[in-house]
Amino acid sequence: MSTDALLALMPLIIMAASAIVVMLAIAIRRDFKIAFHLTLAGLLLTLATLSLAFRHGAMPVTDLLLIDTYSILACALIVASASVVALLCRDYFQRVEHQNEEIFVLLLTAVLGGMILVSSSHFALLFLGLEILSVSLFPMMAHRTSTSLEAGIKYLMLSGVSSAFLLFGMALIYGEFGVLSFRLLAPWAVSHNLFALTGFILILAALSFKLSLTPFHLWTADVYQGAPAPISTLVATVSKAAVFAFLLRFWVFTQAYRSEILVEILALIGAASVLVGNLLALRQTRLKRILAYSSIAHMGYLIIGFVAGSILQTGFLLETTWIYLAAYVLTNLGAFAVVSALSSDERECDDPQTYSALFRNHPWLAGIFMIHLFSLAGIPLTIGFIGKFYVFAASIDAGLWWLAGILVISSGMGIYYYLRVLRLMLLPGVAVTGTATPAMRWILSSLALLILGFGLFPQPLIQVIQSLPKP
Amino acid sequence: MELALFYLSALIALVSTVLVLIQFNTVHALLYLIVSLLASGFIFYLLGAYFAAVLEVIIYAGAIMVLFVFVVMMLNLGQKTIAQEKSWLYPGIWRGPFLLSSLLLLELGYTIAQAASANLGQVVDAKRVGIALFGPYLLAVEAASLLLLAGLVGSYRLGRPLRDKVSP
């Protein structure tokens, strides 16, 4: 392996090393603060090396990994949101002494899994990356209470099922072509091979499990509700961003967008996710369940943008999906962070009783949460609007009028239940005890500012994404 | 003939896996699971992947499954469980797994007797597996080691005693 390849691998190496360092530090002395600071240092160091590697350009590392600007940008998104999650974990888990230091090791390995996933160019590392991600997630979900254990077991079982789908799909494709590298699969899209098509559909199904798209969304609400709030944040942002960034890369590398059948299947999945997510969210009152169903719907919007971009077959695919993904990650990170700031190890801020009267008790947190809700609903001046605008524009450009119609109807439903949460927050009620630490306040305000800032002036974000070469 | 052998062992694998799923008793299910793993090991052997076949038998059917059986049998100790274990191992339960694994043994004997003439595909031995693992797949080995790390830390976290429930 050459020095250049090692340099390109540096962010991954540092991430792996920091997971091991944190584990050793815990083994020597159980100290929550030390573990947290080491974790944050590892994440920030990884971000710094990512910016170094960004200047290096595309670099294949053996046959298995391809580090290019696309994967580096995806890694940066993952690592930056993981840093926020680390901060949430500190505030959530430190309040009671329950020996929660391992959370940080698992957080780092989950991020590493995501980074391997988005950099992979070979089925072997795709599988390993996805497994590292999900094996790290479920012990974090299972935390003391029976609902969180239920969440952990549900996620474990369903990710096992989805791994089986994935492996079966990979086996079918390998059996047909004898290659495991994505690039070498590219000639497939023009041929009409039934085995390969089945394989691709199985792989899409496995990835849909992780993205909680509709026929495979059943775990989402229970897992989000049962898991501790920072871990729900991790699942909603880091895990989904990683899997989606991988899906896009896989899609372009294998040129699967040229297959009409796959595009049609994805269009149906996207439409179903949007409708089901929004319809199920209408009757919910628990905050984390609302956010879970809304994340199903948002993944559906993202897939609709993805389908429209695939039909247009231009740089529009990358632009639409990445702007929507950035909007999704920023907004959900912020919204879950507010929930997490109000919750603690002992009591989740989930019931309507706990978050009603938020405007009276915590006007500042409530204001921040309102901005995030507006962005989730796609109201102008927020980045959520820009993302939704892109998806609309792409689907109309691609002539997908039925999808655009579904988008309009479901966005209307979305506004209803997001604003109902806002109404509950204005009602009189008992005081909630949770407060935000100064670091948390700082992070929450900067997330809200980013949402408003990119909503008013999205040009810098668009330029960064346009400057990406096609993956 | 190789094809017939393959179909027979694949059938054994399928039947024993279905029997794993429909057993009421965990230990009986595990017995069938061992047969299922042996059958898939035999399929590897038929394909010429001797090393993978041996690993499947040693690691899965040998180490991991025996561990499973012991853990399941030792989970709850006491006088009650001894009676329970006796009821698990009533005579007769051995017939199903024995039948299936003796079929596998017959197949194995037949293949070994025919070894000179049989066409068993491309032979992949331990040396080639090692070269592939530490050559082009080096990063995959590293990633697998990190997967094990995550699994280890995760299982420790799930298994740790909760401080407020343990007397100091």
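Computed from a predicted structure; not experimentally measured.

A.B. asks: Break down the overall build of chain A for me, citing the residues and quoting the values.
C.D. replies: From N to C terminus, chain A includes 19 helices and two strands. Here the C-alpha radius of gyration of chain A, 21 Å, is about what a compact globule of 471 residues would show, namely 23 Å. Each of the three principal axes of chain A carries a C-alpha extent, and together these read 65 × 55 × 40 Å. Residues counted as buried form 65% of the 471 residues belonging to chain A. In chain A, once contacts between residues fewer than 6 apart in sequence are set aside, the share between residues at least 24 apart is 81%. Surface accessibility of chain A: about 16200 Å² in total, with carbon and sulfur atoms responsible for 70%. With 24 positive and 21 negative side-chain charges, chain A shows a spacing of 8 Å between the two charge centroids.

A.B. asks: Report on the overall build of chain B, specifying residues and quantitative values.
C.D. replies: Of the regular secondary structure elements, chain B holds seven helices and zero strands. Its helices and strands in sequence order give chain B the pattern α-α-α-α-α-α-α, from N to C terminus. Across the 168 residues that make up chain B, the buried fraction comes to 32%. Sequence separation of at least 24 residues holds for 72% of the intrachain contacts in chain B that already meet a minimum separation of 6. Carbon and sulfur atoms provide 75% of the accessible area of chain B, an area that totals close to 10700 Å².

A.B. asks: Can you break down the pattern of salt bridges residue by residue, with the values?
C.D. replies: Tallied over the full model, the rule gives nine salt bridges over all chains. For the salt bridge of Asp31(A) with Arg29(A), the shortest nitrogen-to-oxygen distance reads 3.3 Å. Residue Glu101(A) pairs with Arg30(A) through a salt bridge whose shortest N-O separation is 2.3 Å. One end of the pair, Glu101(A), is in the loop between helix H3 (69-93) and helix H4 (102-119); the other, Arg30(A), is in the loop between helix H1 (3-28) and helix H2 (32-56), and 71 residues separate them in sequence. On the basis of relative accessible area, Arg30(A) is assigned to the partly exposed category, the value being 30%. Here the residues in one salt-bridge network are Arg30(A), Glu101(A), Glu102(A) and Arg157(B), joined through shared partners.

A.B. asks: I'd like to hear about the side chain of Thr331(A), residue by residue, with values.
C.D. replies: Residue and element names in this part refer to chain A. Looking at the element boundaries, Thr331 is found in helix H12 (residues 316-342). Of note is the side chain of Thr331, whose polar atom sits 3.0 Å from the side chain of Ser375. Excluding anything up to four places from it in sequence, Thr331 contacts His372, Ser375, Leu376, Ile383 and Ile451.

A.B. asks: Kindly report on the nonpolar core, identifying the contributing residues and their values.
C.D. replies: If you look at the biggest cluster of nonpolar residues, it comprises 196 residues, and the most contacted ones within it are Phe123(A), Leu125(A), Trp251(A) and Phe369(A). Excluding anything up to four places from it in sequence, Phe123(A) contacts Met170(A), Ile173(A), Leu180(A), Phe182(A), Leu185(A), Ile203(A) and Phe250(A). Counting residues in hydrophobic clusters, the runner-up holds 14 residues, among them Leu5(B), Ile12(B), Ala29(B) and Tyr32(B).

A.B. asks: Outline the interface of chain A and chain B, listing residues and values.
C.D. replies: Contacts between the two partners involve 35 residues from chain A and, on the opposite side, 20 residues from chain B. For the pair chain A and chain B, the interface holds one salt bridge. For Glu102(A), the salt bridge is made with Arg157(B), and the minimal N-O distance between the two is 3.5 Å. Counting every contact that joins chain A to chain B gives four residue pairs in polar contact (both at pLDDT 80 or more). Residue assignment for the side of chain A that touches chain B shows that the elements contributing at least two residues are H1, H4 and helix H5 (123-141) of chain A.

A.B. asks: Describe in detail the packing of H12(A) against helix H15 (residues 363-377) of chain A, supporting the description with residues and values.
C.D. replies: All names here are of chain A. One can describe the packing of H12 onto H15 by two numbers: an axis separation of 9 Å at closest approach and a directional angle of 145°. The handedness of the crossing between H12 and H15 comes out as left-handed. Only Leu365, Ile368, Phe369, His372, Ser375 and Leu376 of H15 make contact with H12, whose side of the interface consists of Thr331, Asn332, Gly334, Ala335, Val338, Val339 and Leu342. Its residues assigned to classes, the contact of H12 with H15 comprises eight nonpolar, five polar and no charged.

A.B. asks: Could you give me a rundown of the packing of helix H1 (residues 2-22) of chain B against helix H5 (residues 95-113) of chain B, with the residues and numbers involved?
C.D. replies: Residue and element names in this part refer to chain B. The interhelical angle for the contact between H1 and H5, taken along N-to-C directions, is 160°, at an axis separation of 10 Å. Taken as axis vectors, H1 and H5 run roughly antiparallel relative to one another. When the axes of H1 and H5 are compared, the crossing they make is left-handed. Mapping the contact onto sequence places Leu5, Leu8, Ser9, Ile12, Ser16 and Leu19 in H1 and Leu100, Leu103, Leu104, Glu107, Tyr110 and Thr111 in H5. Split by residue class, the contact of H1 with H5 holds eight nonpolar, three polar and one charged.

A.B. asks: Mind laying out helix H7 (residues 194-211) of chain A, listing which residues take part and the relevant values?
C.D. replies: Residues and elements named next belong to chain A. The terminal C-alpha atoms of H7 lie 25 Å apart, and with 18 residues this matches the ideal 26 Å at 1.5 Å per residue to within 8%. Put simply, Asn193 is the residue that caps the front of H7, since its side-chain oxygen is 3.0 Å from the backbone nitrogen of Phe195. Downstream of H7 by a residue or two, Ser212 has a phi angle that is positive, lying close to 50°.

Quick notes on the rules
Residues numbered from 1 in each chain as written. Chains lettered and ligands numbered in written order. Predicted model: local features only at pLDDT ≥ 70, side-chain atom pairs only at ≥ 80, totals over all residues. Heavy atoms only, no water. Helix = DSSP H or I, 4+ residues; strand = E, 2+ residues; numbered from the N terminus. Rg over C-alpha atoms; globule rule 2.2 N^0.38 Å. Buried < 20%, exposed > 50% of the residue type's maximum accessible area, 1.4 Å probe, protein only. Contact = heavy atoms within 4.5 Å. Areas by Shrake-Rupley, 256 points an atom, 1.4 Å probe, with all protein chains shown as cover. Lys, Arg positive; Asp, Glu negative; His and termini not counted. Charge placed at Lys NZ, Arg CZ, Asp CG, Glu CD. Salt bridge = Lys/Arg side-chain N within 4 Å of Asp/Glu carboxyl O. Polar contact = N/O pair within 3.5 Å; in protein donor to acceptor, adjacent residues only side chain to side chain. Core = buried A, V, L, I, M, F, W, Y, C linked by side-chain atoms within 4.5 Å. Axes fitted to C-alpha atoms, helices over the stretch in contact; angles between N-to-C directions. Left-handed = near helix turned anticlockwise from the far one by under 90°. Nonpolar A, V, L, I, M, F, W, Y, C, P; charged D, E, K, R; others polar. Parallel < 35°, antiparallel > 145°, perpendicular 65-115°, else oblique. Expected span 1.5 Å × (residues − 1).

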